[in-house]
Each structure stands twice: as structure tokens, then as C-alpha cells.
Amino acid sequence: MSEQEIILRLKKIVEPYVQRLEGLNNFREETDFLRDLEINSANLVDVVLDVEDEFDIMIDNDSMDGMLTVGDAKDIIQNKIG
Amino acid sequence: MIGNDIIDLELAFKIEKSSIPRFLDKVFLAGEQEYIQSSKDPEREIWRLWSMKESAYKAQQRVQRFERRLNPLHFECMLIDDRHGMVFSEENKWKIISDVHQSHIHSFISDPRQHIHMMPKKSRNSKDLLPAIASAIAMKIQEISLEKDGFGIPFIRLLDSNRIIPISLSHHGNFSAFVIPLINS
């Protein structure tokens with residue numbers, strides 16, 4: 001799966017939780033889930049679960065701990081799907 | 001120390017979390033899960049415990065100045081009664097008060113020094129809160145600005161003196177809240 005495809009699928013996943021919609025216009029690796037998209041931290045766990053479902057992977061707690069940006073999520077996904 | 005968290009229960013209740021083990025395992029320790037599942041209202045307890053952890057996290061980040069993380073399992077809740085609880089994390093021990101209402105839950109660090117709490121409804125972002133924040137510190141809106149430091153921790157800047165006043169902010173759905181330490185001088 002290409003990086004671009006992963007990021008595109010990530011965007012679809014996070015969209016329902018985004019409170020700052022402008023942040024979606026410039027959705028890239030540096031995009032920070034809390035700072036740029038203002039996703040509530042309670043919903044960040046939902047994002048993690050949705051990523052697990054979408055990519056059929058398990059995200060352990062250490063990985064979840066550091067999943068703060070689109071790039072972080074992309075790296076985790078790439079590592080898991082090999 | 002300040003730290004607070006608000007939960008809009010209408011929004012939070014949209015997806016029932018108590019029946020999603022994967023969610024529970026990522027957020028709650030075994031003892032906390034037992035407490036939740038044996039309670040009369042597991043969904044409400046989930047969000048009470050979450051808001052306790054989040055309040056403690058915010059206070060701890062303010063003290064230790066660490067980069068943001070998502071590590072709810074590092075914060076362990078202990079309930080004392082319907083309103084009071086403790087959160088343990090590393091060597092820290094946070095006393096938390098949770099006001100549990102029908103529509104929302106507001107948790108905050110209990111501190112012997114006086115604090116101001118406000119909860120205007122239907123204020124969706126920090127800008128909407130500005131009038132209430134200004135009035136809480138006896139300033140005018142144009143005399144203050146709401147900013148965040150490099151760690152994303154919010155503070156109020158008094159524009160004329162450049163003085164900084166800490167503030168803890170929380171938004172969720174239709175609710176917002178903030179806590180400001182009262183400075184006795």
C-alpha cells in the first residue's frame with residue numbers, strides 16, 4: 001500500500017472526529033491530531049480503534065502513546081502491515 | 001495545580017463503550033474495568049474515570065513539561081465517593097473532584113488554593129470563552145490574549161504587562177470549562 005493511500009484512508013477515518021475543519025484542507029504527515037484538527041483526546045482512542053479495523057492491525061499501548069500526528073499513524077501502520 | 005476536563009455526555013453516549021473490550025483495554029486498568037462493569041451506570045462511570053485521568057494528565061504535563069502523549073493506562077483512578085477520587089501516576093497523586101450531571105461531567109484537580117470554575121453552555125471554542133475568562137480575572141477582552149506554549153499548554157497573557165496567568169481549558173461537544181488559579185497578592 002502506498003504512503004499516499006494510507007494517508008488518504010487515514011483522512012477518512014479521522015474526519016468524523018475533527019473539530020477544526022480547516023485542518024483537513026492541508027492534511028499531511030505533519031498534521032497534528034490535537035493541535036491542527038482539535039480532535040478531542042477521548043476520540044483519539046476511537047481513531048486508534050478505527051485504524052486497527054481499517055488496516056486489520058493491532059496497535060499496542062506503546063504505539064498508541066506516540067500516535068500524535070498523521071505521520072506517526074502512517075509509520076505505525078506501515079510497520080504493522082510490513 | 002490546575003487541570004480540568006469536561007465531557008458532553010450526549011456526544012459521549014453515542015457509542016456504547018462498555019461493550020467494546022478493545023476500547024476498555026486501551027484506556028482502563030483491570031481494577032477500573034471491574035469497577036465500571038459492576039456499577040449501575042457503566043457508561044457514565046467510563047466518562048467519569050476518563051475525565052479524572054485527563055485532568056490528572058493535564059496537571060502532570062504542566063508540572064513535568066512533557067510532550068503530549070496518549071497513555072491513559074499510566075493514570076490509575078481510585079474512587080472515594082460520588083464526587084471525590086484520586087489519580088495515581090508515577091510518583092504523583094492527584095486529588096480530583098468530579099461533578100457528574102445528567103448532561104455532562106466536569107472533573108478538575110482539587111487544590112486547597114482557590115480556583116475559579118466556569119461552564120458556559122454552547123461555547124464551542126476558546127474564542128467564545130474569552131469574555132468569561134476576562135471577567136474571571138477582572139480584565140477586559142481586549143486586554144488579554146489566550147495562547148499556548150510549545151507543549152500545547154494554554155495560558156493567558158496580560159497584554160499591557162506581559163504577565164502570564166495559567167489556565168486549564170476543556171471543550172467537548174456543547175460544553176466548555178476552564179480553571180484559573182486565584183493569585184493572592
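Numbers given for residues are sequential positions, taken from 1 along each chain in its written order. Chain letters start at A and ligand numbers start at 1, both assigned in the order the entries are written. For a predicted model such as this one, the threshold for reporting local features is a pLDDT of at least 70, and the threshold for listing and counting side-chain atom pairs is 80 or more; totals across whole chains, interfaces and linings nevertheless cover every residue. Hydrogens and water are ignored here; the side-chain numbers use all heavy atoms of the structure.

Q: Quick rundown of unusual backbone geometry? Include the residues and the values.
A: Residue and element names in this part refer to chain B. A positive phi angle, near 50 degrees, is found at Glu-90, a position not held by glycine. Counting through the fold element by element, Glu-90 comes out in the loop between strand 3 (84-89) and strand 4 (92-100). Positive phi, close to 65 degrees, is recorded for Asn-162, a residue that is not glycine. Checked against the element boundaries, Asn-162 lands in the loop between strand 8 (154-158) and strand 9 (164-166). Where helices and strands are cited, they refer to DSSP runs of H or I of at least four residues and of E of at least two residues respectively, numbered from the N terminus.

Q: Tell me what's going on with the sheet that holds strand 2 (residues 76-79) of chain B, and back it up with residues and numbers.
A: Residues and elements named next belong to chain B. Read across the open sheet, the 5 strands follow the order 1-5-4-3-2; overall the sheet is antiparallel. Edge positions in the sheet fall to strand 1 (4-8) and strand 2, since each has one partner strand and no second. Taken over all neighbouring pairs, the strand axes of this sheet differ in orientation by 25 degrees on average, direction set aside. Here the rule is simple: two strands pair whenever DSSP picks up at least two bridges between them. In this structure, strand 4 lies alongside strand 5 (residues 104-109), joined through 5 bridges in antiparallel fashion. Bridged to Asp-99 within strand 5 is His-106. When checking whether two residues touch, look at their non-hydrogen atoms; a contact exists if any pair is within 4.5 Å. Here the axes come from fitting lines to C-alpha atoms, over the contacting stretch only for helices, and the angles between their N-to-C directions go from 0 to 180 degrees. Across the sheet, helix 4 (residues 42-64) is in contact with strand 1, strand 2, strand 3, strand 4 and strand 5; its angle to strand 4 comes to roughly 135 degrees.

Q: Which residues make up the sheet that holds strand 8 of chain B, and what values go with them?
A: All names here are of chain B. Pairing is antiparallel across the open sheet formed by 3 strands, whose spatial order is 7-8-9. Each edge of the open sheet carries a strand with a single partner, namely strand 7 (144-148) and strand 9. For this sheet, the mean inter-axis angle between neighbouring strands, taken without regard to orientation, is 30 degrees. Two elements, strand 8 and strand 9, share 3 bridges in a ladder whose sense is antiparallel. When the sheet's bridge partners are listed, Ile-156 is paired in strand 9 with Ile-165.

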